[in-house]
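# Structural description and commentary
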Amino acid sequence: MRSPRLAALLVTLALALAACSGAVAPNGPPDPSAETLKAIGLGKDWNWQRQATPLDLGVTHTQYSLDPDEPAEARQRGLDVLANNSGGWQNIHLMGFGTLNPEPSPGTYDWSSLDQRMQLVKNTGGRTALTVCCAPDWMKGGSPGDTDWSQLEKAPQPSHFDDYAALAAQAVQRYPQVQRVLVWNELKGFYNNDLNRWDYEGYTQLYNKVYKAVKAVRPDVQVGGPYVVLTSLDPGSDDASNVRGPWGAVDQRALDVVDYWLANNVGADFIAVDGSTSTTGGTVATPADVAAQKFADLTRWIHSRTPLPVWWAEFYPNVPSNEEGGASSQASAASTLATVAAYARSGASGALLWGPQGSDLKFSALWTDSTKPDGGQPTPLTAAWQWLVPRLAAGKVEVGHSPTQPLLAFRAADGALVVNLTDRPVDVAPGHEPLQPWAILLSHQAP
């Protein structure tokens, strides 16, 4: 008799094979996950809700991401993962997070690393977003020609805002493939310590100059901000707002950034924010969908203030303290899918996975670390993410929750995906093995 762990391993193997082919052959062997999903029964009592708007998923390339100097076979495996619906959108930073200083001295450009990353997006069929962050040293008090990477997160001086806006304009002219620009990253360097709040005035001044410079040369490019972290605090903390839930309370200082930017920007095509499910005190609500409810609640809060599309530029689904997060973590993968479901139900328009290449970060990735010879392998998230990307973008997915079990499901006309949101096995039906903790079952057959 097979053990539950062995049965789960066999299901995972079947899913990996199905993901490689994109579908189960009509005359092939039975899809084991389809049989399990049939036993679970995705009935009307699952509280189904069609996604509120098309949802674009994508990735942000970071320090190491399928670079040419990686072991060839590992890199190719990663490229195959990325090209197979993994990065509908691919986001690159203007400087840092894998790219070099694009203008080391005034008027002297080095586009080599950006050229390489832009070609990666082209080769893997992605749509290109550019985060215009960070700034060359000479724009923030350093010497021309020098690049001190320890000062990467320092903001440009106001006297160089025009220079930075001109650099952003140069970039979108050089790369016609760029369709979306996110202005700066998490307000790095824009904190007013004297007032104990974000310098949203300074950030918005920079944003407005970049917006006008980009639109002057590429009016087709969509531009957005303020890319602020919507930090969760434990209730009762200083600066906790009234925007709260079982997941915590949002820092009022972050909400003030959103309100000021909305009132004072010269134009915007979308609003970008980011956040995690953990509070600053380390609390993570359970099950995973309760923690992920933060993203739905805040998407709706933003929509109560603006009709702009909401893009989550980064999102970090933390796992409970008794679990280990990371690229190969089943708990991280299940928690990530709970977050995607929250986006779909609440009307978010986009979400970018930070760092699709596995690293030491304790969050999901789409392939294992391809700087290692055995890297570039799919992760527990990969097949489910690849199935969701085109279907969510088309607006054809329904999301449901079991009325009796901690189970989440996505369904479309050509398949279904079920996630165990907990660290406990979930009984399915007599004669079927329980769903293992954090299990993810994907069927390419209509439910």
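Small disclaimer: the values here were computed from a predicted structure and weren't measured.

### A closer look at the overall build of the protein chain
From N to C terminus, the protein chain includes 10 helices and 18 strands. By the compact-globule yardstick of 22 Å for 447 residues, the protein chain fits well, its C-alpha radius of gyration being 22 Å. Residues classed as buried in the protein chain amount to 56% of the 447 residues present. For the protein chain, contacts bridging at least 24 residues in sequence account for 72% of all contacts bridging at least 6. With an accessible surface of roughly 17,900 Å², the protein chain has 50% of that area assigned to carbon and sulfur atoms.

### A look at the environment of Val 221
Here Val 221 lies in the loop between helix H6 (200–217) and strand S8 (222–229). Each C-alpha atom, one on Val 221 and one on Val 181, is 7.0 Å from the other, the two residues being 40 residues apart in sequence. With sequence-adjacent residues up to four places away left out, Val 221 is seen in contact with Val 178, Gln 179, Arg 180, Val 181, Val 214, Lys 215 and Asp 269.

### Considering the environment of Ala 296
Take Ala 296: it is sitting in helix H8 (residues 288–303). Ala 296 sits 46 residues away from Ala 342 along the chain, and the two C-alpha atoms are 5.0 Å apart. For Ala 296, the contacting residues outside a window of four places in its chain are Ala 342 and Ser 346.

### As for the pattern of salt bridges
Inspection of the entire model under this criterion finds 14 salt bridges. One salt bridge in this structure joins Asp 162 and Lys 209, with 3.0 Å as the shortest N-O distance. Taken together, the residues Asp 162 in helix H5 (residues 161–174) and Lys 209 in helix H6 connect sequence positions 47 residues apart. Among the ionic pairs, Lys 362 bridges to Glu 324, the shortest N-O distance being 2.7 Å. Of this pair, Lys 362 sits in the loop between strand S14 (350–354) and helix H10 (382–393) while Glu 324 sits in the loop between strand S13 (310–316) and helix H9 (330–346), and the two are 38 residues apart along the sequence. Looking at Lys 362, the relative accessible area reads 45%, which means it is partly exposed. Ionic contacts of the salt-bridge type, sharing partners, join the residues Asp 239, Asp 251 and Arg 253 into one network.

### Looking at unusual backbone geometry
In this structure, the amide linkage connecting Cys 133 to the following residue, Cys 134, adopts the cis form with an omega of 10°. Topologically, Cys 134 is positioned in the loop between strand S4 (127–132) and H5. The peptide bond linking Gly 225 to Pro 226 adopts the cis configuration, its omega dihedral lying at -5°. Residue position: Pro 226 is located in strand S8. Of note, the phi angle at Asn 47 is positive, near 55°, even though the residue is not glycine.

### Here's the deal with the nonpolar core
Residues Tyr 164, Trp 184, Leu 230, Trp 312 and Phe 410 are the most contacted members of the largest nonpolar core, which totals 121 residues. No other element matches the 10 residues that H9 contributes to this core. If you look at the next biggest cluster of nonpolar residues, it comprises 14 residues, including Ile 40, Leu 435, Ala 439 and Leu 441.

### A look at the confidence of the model for the protein chain
For the protein chain, per-residue confidence averages 92 on the pLDDT scale, and 93% of positions sit at 70 or higher. Long-range and interchain partners of residues 1–28, a stretch whose pLDDT sits below 50, account for 28 contacts in this model, where long-range means more than four residues apart.

### What to know about the sheet that holds strand S10 (residues 240–245)
Spatial ordering of the open sheet is given by S9-S11-S10, a layout of three strands whose pairing is antiparallel. Looking along the sheet, the strands with just one partner apiece sit at the ends: strand S9 (232–233) and S10. Pairing between S10 and strand S11 (residues 248–251): three bridges, direction antiparallel. Residue pairing in the sheet places Ala 240 in a bridge with Asp 251 of S11. Against the sheet, helix H7 (residues 252–264) makes contact with S10 and S11, and its axis sits at roughly 50° relative to S11, the strand it touches most.

### Overview of the packing of aromatic side chains
Across all of its chains, the model carries 20 aromatic pairs by this definition. Where Trp 89 meets Trp 311, the ring centres are 5.6 Å apart and the plane angle is 90°; that geometry is what we call edge-to-face. Of the two residues, Trp 89 is situated in strand S3 (residues 89–93) and Trp 311 in strand S13; the sequence distance between them amounts to 222 residues. What makes Trp 89 buried here is its relative accessible area of 2%. Between Tyr 207 and Trp 261 the ring centres are 5.3 Å apart and the planes differ by 80°, which places this aromatic pair in the edge-to-face class. Taken as a pair, Tyr 207 in helix H6 and Trp 261 in helix H7 lie far apart in primary sequence, 54 residues in all.

### Notes on helix H4 (residues 112–123)
For H4, spanning 12 residues, the distance from its first C-alpha to its last is 16 Å, which sits close to the expected 16 Å at 1.5 Å a residue. Turning to H4, its buried residues are Ser 113, Leu 114, Arg 117, Met 118, Leu 120 and Val 121. All buried residues of H4 lie within an arc of 150° about the axis, which places them on one face of the element. Across from the buried face of H4, at angles greater than 90 degrees, the exposed residues are Lys 122 and Asn 123. Summarising the contacts, the buried residues of H4 are in contact with helix H3 (72–83), S3, S4 and strand S5 (178–183). Of the residues one or two after H4, Gly 125 is the one with positive phi, at around 75°.

### Notes on the packing of H9 against H10
Angle between the axes and distance between the axes: these two values describe a pair of packed helices. Two numbers describe how H9 lies on H10: the axes approach to 12 Å, and their chain directions differ by 10°. With respect to their mutual orientation, H9 and H10 come out roughly parallel. Contacts from Thr 336, Leu 337, Val 340 and Ala 344 in H9 reach Ala 384, Trp 385, Leu 388 and Leu 392 in H10. Here the residues of the contact of H9 with H10 sort into seven nonpolar, one polar and no charged.

Reading the values: rules and limits
- Residues numbered from 1 in each chain as written.
- Predicted model: local features only at pLDDT ≥ 70, side-chain atom pairs only at ≥ 80, totals over all residues.
- Heavy atoms only, no water.
- Helix = DSSP H or I, 4+ residues; strand = E, 2+ residues; numbered from the N terminus.
- Rg over C-alpha atoms; globule rule 2.2 N^0.38 Å.
- Buried < 20%, exposed > 50% of the residue type's maximum accessible area, 1.4 Å probe, protein only.
- Contact = heavy atoms within 4.5 Å.
- Areas by Shrake-Rupley, 256 points an atom, 1.4 Å probe, with all protein chains shown as cover.
- Salt bridge = Lys/Arg side-chain N within 4 Å of Asp/Glu carboxyl O.
- Core = buried A, V, L, I, M, F, W, Y, C linked by side-chain atoms within 4.5 Å.
- pLDDT = per-residue confidence, 0-100.
- Pairing = 2+ DSSP bridges.
- Axes fitted to C-alpha atoms, helices over the stretch in contact; angles between N-to-C directions.
- Phe/Tyr/Trp six-rings, centres within 6.5 Å; stacked < 30°, edge-to-face > 60°.
- Expected span 1.5 Å × (residues − 1).
- Arc of directions from axis to C-beta.
- Parallel < 35°, antiparallel > 145°, perpendicular 65-115°, else oblique.
- Nonpolar A, V, L, I, M, F, W, Y, C, P; charged D, E, K, R; others polar.

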